[in-house]
2 protein chains.
Amino acid sequence: MRLRADAARNGALVLDAAREVFAEQGLSAGIDDVAARAGVGKATVYRCWPTKDALVAAVTSVRVDEFTARVVAARDEPDAPAAFARLMLDAAESCAGNKLLHEGLISETPALAAKRAQCRAAMQELIDGAIAAGGMRADLRSEDVTLLFNGATSQLKAAGETDPAVWRRYAGLVVAATRP
Amino acid sequence: MRLRADAARNGALVLDAAREVFAEQGLSAGIDDVAARAGVGKATVYRCWPTKDALVAAVTSVRVDEFTARVVAARDEPDAPAAFARLMLDAAESCAGNKLLHEGLISETPALAAKRAQCRAAMQELIDGAIAAGGMRADLRSEDVTLLFNGATSQLKAAGETDPAVWRRYAGLVVAATRP
DNA sequence: GGGAAAGCGGACTCCGGAGTCCGGTTCTGC
DNA sequence: GCAGAACCGGACTCCGGAGTCCGCTTTCCC
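Everything numeric here is computed off the predicted structure, so don't read it as measured data. (Residues numbered from 1 in each chain as written. Chains lettered and ligands numbered in written order. Predicted model: local features only at pLDDT ≥ 70, side-chain atom pairs only at ≥ 80, totals over all residues. Heavy atoms only, no water.)

As a further point, take the overall build of chain A. A tally of regular secondary structure across chain A gives nine helices and zero strands. Tracing chain A from N to C terminus, the helices and strands come up as α-α-α-α-α-α-α-α-α. A buried classification covers 46% of the 180 residues belonging to chain A. Pairs at least 24 apart in sequence give 66% of the contacts found in chain A among residues at least 6 apart. For chain A, the computed accessible surface area is about 8400 Å², with 55% contributed by carbon and sulfur atoms. Computed over 22 positive and 23 negative side-chain charges, the separation of the two mean positions in chain A equals 5 Å. (Helix = DSSP H or I, 4+ residues; strand = E, 2+ residues; numbered from the N terminus. Buried < 20%, exposed > 50% of the residue type's maximum accessible area, 1.4 Å probe, protein only. Contact = heavy atoms within 4.5 Å. Areas by Shrake-Rupley, 256 points an atom, 1.4 Å probe, with all protein chains shown as cover. Lys, Arg positive; Asp, Glu negative; His and termini not counted. Charge placed at Lys NZ, Arg CZ, Asp CG, Glu CD.)

Here's what the structure looks like:
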């Protein structure tokens, strides 16, 4: 059964609105805000996604996929420690302007568990490579990097920091923490 | 006008209960929980402190003072870098078992602004000493340390991690990030 | 173009936690 | 020991955000 034209259109509007609103305000934004931005009633939002979490997962999963792709690319570079450092700095910079990416990386929602696992696996391989190359302390695991990175970025977000350079700087400190 | 005997007794009960409940559950615990633990109605809690924030400030400020004293002691030690490292590890370990200390260090409530400033000043002096001793990167400021430390510990708390050794380990990573 | 199904939206309920009210109880000064 | 002020506590309101309901509108298929 095909979706009615107006339903399809509204679904897309809602998705766009959710992307914008959540990127600007983070996941604490209300469904009402998303509905208002889309120019529809909130029931319409709930008709497309049964819960707020489902909508959030829909918009964040894309961001997580993009990030995973970047991790994989970094993993395949020859100089693992340098690739890792670059990845962290770039990721922080991206997060500075897009809360959605940040939330996606942080989120614990079950809907993204598989994607997170995939991302983590690639990260672990990158880290293993960096350790093998002697550019990283040997006892490090991907959870450590995730925790430090997420911790720092969460604090930056909470502080309302928007300057990408500052985010970059802290990512640099996290990278420094991983050195042998 | 002296406080009535029962009022004074209940005030102390509430304070003790708040310390316990917030240390165990963090600040997300409700006033109802505190009142129940104290064996008192919630109105009694509000009679002593006008808002939840005020009560929280009352119980956390002690913890912050204790921590500040430790920072000051560290500042006055001869080997600043080592004192700094020890301070971080000990603080993390303490936070693992006492959410209240953690919340006190993280909290942004205006009621503790003065105490936070005092703590930060001592930390800055400790850091300056460590930099002068060549044990820390020269561009570091106390906010950096605070942000990294709070970020990591917040994540640990959110993850429900209770093993002090793990908290210590991450504090060690934060210290590593400060090395020149 | 007409009718039925699909979709719409705003007003509604529900829920949890902060903060308030007031009738009943307990302490204190005389 | 008694008057009355101070205090008590549980039931209440208030608030904001998630999720639901239902009378009305739009679309689609014939």
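That was the structure; now back to the text.
This part takes up the interface of chain A and chain B. Contacts between the two partners involve 20 residues from chain A and, on the opposite side, 20 residues from chain B. The largest per-residue losses of area from chain A upon contact with chain B belong to Leu147, Gln155 and Leu173 of chain A, which jointly make up 34% of the total buried on that side. At the boundary of chain A with chain B, the tally comes to four salt bridges. In this structure, arginine 169 of chain A engages aspartate 144 of chain B in a salt bridge whose closest nitrogen and oxygen atoms are separated by 2.1 Å. Counting the contacts that link chain A with chain B gives six residue pairs in polar contact (both at pLDDT 80 or more). Of all the elements in the fold, those that place two or more residues in the side of chain A that touches chain B are helix H8 (142-158) and helix H9 (164-178) of chain A. Counted by class, the side of chain A that touches chain B contains 10 nonpolar, four polar and six charged residues. (Buried area = accessible area lost by both parts, 1.4 Å probe. Salt bridge = Lys/Arg side-chain N within 4 Å of Asp/Glu carboxyl O. Polar contact = N/O pair within 3.5 Å; in protein donor to acceptor, adjacent residues only side chain to side chain. Nonpolar A, V, L, I, M, F, W, Y, C, P; charged D, E, K, R; others polar.)

Per-residue pLDDT for chain A has a mean of 92; in total, 99% of the residues score no lower than 70. Here helix H6 (residues 99-106) of chain A stands out as the least confident element of chain A, with mean pLDDT 86; H9 of chain A is the most confident, with 96. (pLDDT = per-residue confidence, 0-100.)

Scanning the entire structure with this criterion turns up zero aromatic pairs over all chains. Sitting over the ring of tyrosine 170 of chain A, arginine 169 of chain A keeps its end group 5.7 Å from the ring centre. (Phe/Tyr/Trp six-rings, centres within 6.5 Å; stacked < 30°, edge-to-face > 60°. Lys NZ or Arg CZ within 6 Å of the ring centre and 35° of its normal.)

The next point concerns the environment of lysine 157 of chain B. All names here are of chain B. For lysine 157, the position within the fold is in helix H8 (residues 142-158). When its relative accessible area of 25% is taken as the criterion, lysine 157 is described as partly exposed. Residues lysine 157 and tryptophan 167, 10 residues apart in the sequence, show an inter-C-alpha distance of 9.4 Å. Those residues within four positions of lysine 157 in sequence are excluded, and the remaining contacts are Lys99, His102, Glu103 and Trp167.

Taken as a whole and judged by the stated rule, the model has 34 salt bridges over all chains. One continuous salt-bridge network, built from bridges that share partners, spans Arg137, Asp139 and Asp144 of chain A together with Arg169 of chain B.

A few words on the protein's contact with DNA strand D. Lining the immediate environment of DNA strand D, one finds 23 residues, of which Lys52 of chain A together with Arg4, Asn10, Ala43 and Thr44 of chain B sit closest. Taken together, the sugar and phosphate atoms account for 55% of what DNA strand D places within 4 Å of the protein. Asparagine 10 of chain B places a side-chain nitrogen or oxygen 2.6 Å from a phosphate oxygen of DNA strand D. If you list the elements that add at least two residues to the surface near DNA strand D, you get helix H1 (5-25) and helix H3 (42-48) of chain A together with helix H1 (5-25) and helix H3 (42-48) of chain B. Considering every element that reaches the surface near DNA strand D, the biggest residue donor is H3 of chain B, with four residues. Looking at the surface near DNA strand D residue by residue, the class counts come to nine nonpolar, six polar and eight charged. (Near = heavy atom within 4 Å.)

Moving on: the relation of the copies chain A and chain B. Overlay of chain A on chain B (RMSD 0.1 Å): rotation 180 degrees, translation along the axis 0.0 Å. On the angle and the small slide along the axis, the relation comes out as a two-fold axis. (Least-squares fit on C-alpha atoms with pLDDT ≥ 70 in both.)

Lining the immediate environment of DNA strand C, one finds 23 residues, of which Arg4, Asn10, Ala43 and Thr44 of chain A together with Lys52 of chain B sit closest. Of all DNA strand C atoms lying within 4 Å of any protein atom, the proportion belonging to sugar or phosphate reaches 55%. Between DNA strand C and alanine 5 of chain B, the relevant distance is 3.0 Å, taken from a phosphate oxygen to a main-chain nitrogen or oxygen of the residue. Those elements that place two or more of their residues in the surface near DNA strand C are H1 and H3 of chain A together with H1 and H3 of chain B. Per element, the largest residue contribution to the surface near DNA strand C is four residues, and it comes from H3 of chain A. Looking at the surface near DNA strand C residue by residue, the class counts come to nine nonpolar, six polar and eight charged.

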